[in-house]
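Coordinate inspection notes
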Amino acid sequence: MEFKDYYKIMGVKRDATQDEIKRAYRKLARKYHPDVSKEPDAEARFKEVGEAYEVLKDPEKRAAYDQLGANWKAGQEFRPPPDWDQGFEFHGGGFTGAGAEGFSDFFESLFGRGFAWSGRGGGRTEFNARGEDTYAKVLIDLEDAYHGGSRMLTLKHSELGSDGRPHIKERTLNVHIPKGIRQGQHIRLARQGGSGIGKGEAGDLYLEVEFRAHPFYHVEGKDVFLDLPVAPWEAALGAKVKVPTPSGPVDLKIPPGSRGGCKLRLKGKGIPARPPGDFYVVLQIAVPPAKTDAAKAAYREFEKALKFNPRERLGV
Amino acid sequence: MANDILALLTGEVLEEDVELTLAELCYACQVPAERVIELVQEGIVEPSGQNPAHWRFRGVSVYRVRRTLRLQQDLGINIAGAALALDLLEEIQTLRMRLRRLER
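Residues numbered from 1 in each chain as written. Chains lettered and ligands numbered in written order. Predicted model: local features only at pLDDT ≥ 70, side-chain atom pairs only at ≥ 80, totals over all residues.

**Observations concerning the sheet that holds strand 6 (residues 217-220) of chain A**
Residues and elements named next belong to chain A. For clarity, the cut-off: Note: two strands are recorded as paired if DSSP finds a minimum of 2 bridges between them. Under the DSSP-based scheme used, a helix requires at least four consecutive residues in state H or I and a strand at least two consecutive residues in state E, with every element numbered from the N terminus. Interaxial angle, 0 to 180 degrees, is taken between N-to-C directions of lines fitted to C-alpha atoms, where a helix line uses only the stretch in contact.
Spatial ordering of the open sheet is given by 6-7-11-10, a layout of four strands whose pairing is mixed. Looking at strand neighbours, the two that pair on one side only are strand 6 and strand 10 (263-266), the edges of this open sheet. Here the strands of the sheet are splayed against their neighbours by 30° on average, with no regard to which way each runs. In the sheet, strand 7 (residues 223-230) pairs with strand 11 (residues 279-285) via seven bridges, with the strands oriented parallel. Paired with Val230 across the strands is Ile285, a residue of strand 11.

**Observations concerning unusual backbone geometry**
Cis geometry is found at the peptide bond from Arg274 of chain A to Pro275 of chain A, where omega equals -5°. Position of Pro275 of chain A among the secondary structure elements: in the loop between strand 10 and strand 11.

**A short note on the sheet that holds strand 5 (residues 205-211) of chain A**
Read across the sheet, four strands follow the order 1(A)-5(A)-4(A)-2(B) without closing on themselves; strand pairing throughout is mixed. The open sheet is flanked by strand 1 (134-140) of chain A together with strand 2 (12-13) of chain B, the only strands paired with a single partner. Alignment of strand 4 (residues 186-189) of chain A against strand 2 of chain B, held across two bridges, turns out to be antiparallel. Bridging from a neighbouring strand, Ile187 of chain A pairs with Val13 of chain B of strand 2 of chain B.

**Some words on the environment of Tyr135 of chain A**
Residue and element names in this part refer to chain A. Condition: Whether a residue is buried, exposed or partly exposed is read from the other C-beta atoms within 10 Å of its own C-beta, which are placed from the backbone; 20 or more gives buried, 12 or fewer gives exposed, and intermediate counts give partly exposed. Residues are scored as being in contact if the C-beta atoms we place from backbone atoms lie within 7 Å.
Looking at the element boundaries, Tyr135 is found in strand 1. Look at Tyr135 and you get partly exposed, because 15 C-beta atoms sit within 10 Å. Note: C-alpha distance between Tyr135 and Gly194 (59 residues apart in sequence) is 9.8 Å. If near-sequence neighbours (up to four positions away) are discounted, Tyr135 is found in contact with Tyr206 and Glu208.

**Overview of the interface of chain A and chain B**
What counts is decided by this rule: Following the grouping adopted for this structure description, the nonpolar residues are Ala, Val, Leu, Ile, Met, Phe, Trp, Tyr, Cys and Pro, the charged ones are Asp, Glu, Lys and Arg, and the polar ones are all others, Gly among them.
If you look at the interface, chain A gives 31 residues, while chain B gives 29 residues. Ranked by residues supplied to the side of chain A that touches chain B, first place goes to strand 3 (residues 166-177) of chain A with six residues. A class-by-class count of the residues in the side of chain A that touches chain B yields eleven nonpolar, 13 polar and seven charged. Inspection of the sheet shows strand 3 of chain A paired to strand 1 (residues 8-9) of chain B by two bridges, in the parallel sense. Looking across to strand 1 of chain B, one finds that Asn174 of chain A is bridged to Leu8 of chain B.

**Topic: the packing of helix 3 (residues 61-75) of chain B against helix 4 (residues 79-102) of chain B**
Residues and elements named next belong to chain B. In plain terms, the rule: Orientation categories follow fixed angle ranges, with anything under 35 degrees roughly parallel, anything over 145 roughly antiparallel, 65 to 115 roughly perpendicular, and all other angles oblique. A crossing counts as left-handed when the near helix is turned anticlockwise from the far one by less than a right angle, and as right-handed when that turn is clockwise.
Helix 4 packs onto helix 3 with a crossing angle of 120° between their chain directions and a minimal axis gap of 9 Å. Our classification of the angle between helix 3 and helix 4 gives oblique. As for how helix 3 packs across helix 4, the hand of that crossing is right-handed. Of the residues in helix 4, those touching helix 3 at Arg64, Arg67, Thr68, Leu71 and Gln72 are Ile79, Ala82, Ala85 and Leu86.

**A few points about the pairing of strand 6 of chain A**
Residue and element names in this part refer to chain A. Judged from the four bridges that link them, strand 6 and strand 7 form a sheet pairing that is antiparallel. Within the sheet, the bridge partner assigned to Val219 lies in strand 7 and is Val224. Joining the antiparallel neighbours strand 6 and strand 7 is a turn of two residues, in which Gly221 adopts a positive phi near 65°.

**Focus on the environment of Tyr65 of chain A**
All names here are of chain A. Within the secondary structure layout, Tyr65 lies in helix 4 (residues 59-67). As for Tyr65 and Arg191, which are separated by 126 residues in sequence, their C-alpha atoms are 42 Å apart. Leave out the neighbours within four places in its chain, and Tyr65 touches Tyr6, Val55 and Leu110.

Structural measurements only, silent on function.
Shown next as structure tokens:
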């Protein structure tokens, strides 16, 4: 088992005051809280910080930890010395709420599991035989939200083994994707969460839906956007063009005198929620390349005929 | 759970199909009713119905309540602060989505 340097994790000196430790924890907790943070490893870091704080904020545990000596290095192979905690009396309670189940073997070898599982203010300590609700993020295609249908989803979850420790398991579920679902919404699957204790029912499984990035559609809530390249003459003179949508191609009339960046709305062609979202076509004026002499000549003609100053608004 | 592999699981969309009573919300979030009533008073979750016995919460309340409680517990902020954080986080999420579209 690896030694954990709780002072290093918290970024404080070994002689830091309790106030300094608390301040360091608050700062790190805000930075890595999984509800707030966008850091990719936020959850792991938050647990690590919670574990360090659990030890350092409690003068009893901190003193016991300090007893191990300052010569240990983070990551070094560690085995607690026999009777290392003799004479220390630990009092439970006052849990940081960082999620005890994620504490490391290192923590457990020093302070035991009993500590970790007791004293949390929230739900877990209440006597309740129902299984825990679990949560997973799933990636689906935007098209699934348009048409609905079933998808095979592979989920990883941890299960308590017969040795009383969590093990990572994988399972595949065949899940109905309801038509009209949007990014960030949750599908609740009854009794597919954590197993109950004793005769208790299993908890529910919540699947948070996220769309796989699409090469040309972009989703915002229930509205879908498409950047549509148009030729300068199509924008200037108006045109009827074919436009792809997730529910199939449609004919779109581009009004004469359209500018780049202007949005055309296809009402109700967004995600078929209740009520359905809209589909927006954002015009992008594509400039034809001037590679041949004929193309260059055409551009010169253009220039002569139009007397156009694109920077007029800038006063130059 | 071997039979799950073939069986088609149909769920509800929490944000659309699910409505909860006060008791159901407390059960789903594993909190006593007093806590939920506090959150209602702060406007963090907004049930329809006249009084607690008739309250009906939208499914998304499950997430708002859990998130608020986690923020309170882990960051040591009070309910008003957690409510503010929740609103700001939702706004950031909306803005991030828009930013992703515009930055392509």
